[in-house]
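# Overview (structure and organization)
In case you want the letters, here they are:
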Amino acid sequence: MTQNSGESKAKPAPPLETHVAPPKITQEIPPAQKDSVSFSKTEYQGTIREGQADIMQILVAGEIHGQMGKPGLVAILFYDQNGTPIPANSNAPAFATPDGQLAVAYPLEIAQDKQPFEMTLLMPLQYFPQNAFSAAVKFRVMVFTEAKKIGESDMKDFTIVMPNAPAPEPANPQPNTPNSPTSSSPDSTKQTTP
């Protein structure tokens, strides 16, 4: 599928329920896979509120070479400001690597020899450890085929800006009509003398 509209639009974020548990992370990319992935974007896009949940959005784009027909996976792994892996909450096994690092991953179809990809990945903030955002957080994007790492981005820093919660309705709204007894108009509190 190609778009000829002249504007490059990212695919909408996949539903959060379609994420998968990330595979075991190997430290080295096999030499034969060294140039299999090029990244053009790895950007923190901010945080949105869905219902009661705050969801981080990260835009990922690039191209995968020479992997046609293999099952692909895009994963984002999270690190503290020192580059140490952030551990996932114990209540989030689907958002953790087998080693317990906080991560989120989505399947990726590789249908051609030079497969472009551009997607926004979603990560619920509730699965980060408490106080994880008291300092800058880092992330790295990794691409896998057949559960083997074939590419990774540079480490990126970002600072979380929490979305504003909807303002609660005031308990006793004050009408703005000047003749209202609850109005703060000076005339409404004037004493009448016989």
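Summarised in this report is the structure supplied together with it.

Parameters at a glance
Residues numbered from 1 in each chain as written. Predicted model: local features only at pLDDT ≥ 70, side-chain atom pairs only at ≥ 80, totals over all residues. Heavy atoms only, no water. Salt bridge = Lys/Arg side-chain N within 4 Å of Asp/Glu carboxyl O. Helix = DSSP H or I, 4+ residues; strand = E, 2+ residues; numbered from the N terminus. Buried < 20%, exposed > 50% of the residue type's maximum accessible area, 1.4 Å probe, protein only.

## Some details on the pattern of salt bridges
- This structure, assessed with the given rule, holds four salt bridges.
- In this structure, the salt-bridge partner of Glu-118 is Lys-41, at a minimum N-O distance of 3.5 Å. Within this pair, whereas Glu-118 is found in strand β5 (residues 114–124), its partner Lys-41 is found in strand β1 (residues 37–50), the two being separated by 77 residues in sequence.
- Of the residues examined, Glu-118 reaches a relative accessible area of 18% and is grouped as buried.
- Accessibility expressed as a relative area gives 28% for Lys-41, which makes it partly exposed.
- With its nearest N and O atoms 3.0 Å apart, the salt bridge here joins Asp-157 to Lys-138. Of this pair, Asp-157 sits in strand β8 (residues 156–158) while Lys-138 sits in strand β6 (residues 137–145), and the two are 19 residues apart along the sequence.
- Here Lys-138 falls in the buried class, since its relative accessible area comes to 14%.

These figures come from the coordinates and say nothing about function on their own.
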